[in-house]
Amino acid sequence: IKVFGSHFDMEIPSKEYKLDYILSNKEKNIGYSLYKKILSESTSGKLVVFCWAASLEQRTWSTKLRLEVIEALSNAGYAVVVTHGAPIAVIPKIPNVFNYGGKLSLRDSAALLAFADTCIAPDTGMFHIASALNVPTVSYMGPFPEDMRATGKSLSVINTPGNCSIFPCRSYSCMNRNDERMPRCLDVPISKVVEQADKMVLIHRDKPFPSSEIEIEESKEVKVRETTKTKSPVVRQTIKRAVAKTK
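Summarised in this report is the structure supplied together with it.

Conventions used here
Residues numbered from 1 in each chain as written. Predicted model: local features only at pLDDT ≥ 70, side-chain atom pairs only at ≥ 80, totals over all residues. Heavy atoms only, no water. Disulfide = S-S within 2.5 Å. Buried < 20%, exposed > 50% of the residue type's maximum accessible area, 1.4 Å probe, protein only. Helix = DSSP H or I, 4+ residues; strand = E, 2+ residues; numbered from the N terminus. Core = buried A, V, L, I, M, F, W, Y, C linked by side-chain atoms within 4.5 Å. Contact = heavy atoms within 4.5 Å.

### Observations regarding the state of the cysteines
Enumeration over the complete set of coordinates arrives at zero disulfides. Counting only cysteine sulfurs, Cys-119 is the nearest neighbor of Cys-51, a cysteine outside any disulfide, at a range of 3.9 Å. Looking at Cys-51, the relative accessible area reads 3%, which means it is buried.

Set out below in structure tokens:
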């Protein structure tokens, strides 16, 4: 809304906006299962979800910087899950780093994200999902200022506008790049990323751990599936309606 107003020299009154993202009971169990699996294979008890890239190059760290940040997080004692819609071939084998590129759907990635201790993400869809799930997040906005893109409260933005005299340019193209062709506003010290991650994991929040209620709901669904295998269509619908009334 602020971006819209800025294009027409309009001052729109500020308002706090909160995104919502609802996980089903099944998705909570999927996320919890992934969370337990990753921690069981890791020597760490702290989970970071690292979102590999934004859809636009101008909003994404260089490959070199991303790999260095991932390794630094591993060395700092984190279990790092790297998520992306497509496979990521460039990530080497690093202790406590789990390459989930291309392995999870968006909804399953969000389910796992709900159990993360912190998230590191560019200005992209998973960043906004993290905000909606109230996951403490370390982010970098690129050419857009924080107050125009961020919606979460547990958020640390680590842009470095001192590297660019025209920041924030709000442009989808960038002429001020470093030697790696990365916009200078994204060129941040690796130590600062780890430092902010350390702060974010200290923020207390309630994770959607499975409860007995969820297990009960799931057992009802299992019973319906088992019962309907041998019943007529009419009986199957009757059973389903009866179970629905108990939920």
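Additional details are given in the paragraphs that follow.
### Describing the environment of Asn-75
Along the chain, Asn-75 falls in helix H3 (residues 63-75). A relative accessible area of 64% means that Asn-75 is categorised as exposed. Residues Asn-75 and Ile-94, 19 residues apart in the sequence, show an inter-C-alpha distance of 9.5 Å.

### Some thoughts on unusual backbone geometry
The phi torsion at Asn-96 lies on the positive side, around 65°, for a residue other than glycine. Along the polypeptide, Asn-96 turns up in the loop between strand S2 (79-83) and strand S3 (97-99). Of note, the phi angle at Arg-181 is positive, near 65°, even though the residue is not glycine. Relative to the helices and strands, Arg-181 is located in the loop between strand S6 (155-157) and helix H7 (190-200). The exposed category is assigned to Arg-181, whose relative accessible area is 54%.

### Digging into the nonpolar core
Core analysis: the largest hydrophobic core is formed by 32 residues, its most contacted members being Ile-38, Leu-47, Leu-112, Leu-113 and Leu-133. When residues of this core are traced back to their parent elements, those giving at least two are helix H2 (25-40), strand S1 (47-51), S2, helix H4 (106-113), strand S4 (118-122) and helix H5 (125-132). Top element by residues in this core is H5. It accounts for five residues. Among all residues touching Leu-47, those that are not within four sequence positions of it are Tyr-35, Ile-38, Leu-39, Ala-79, Val-81, Leu-112, Phe-115, Ala-116, Asp-117 and Thr-118. Core analysis: the second largest hydrophobic core is formed by 29 residues, Val-48, Ala-53, Ile-94 and Val-193 among them.

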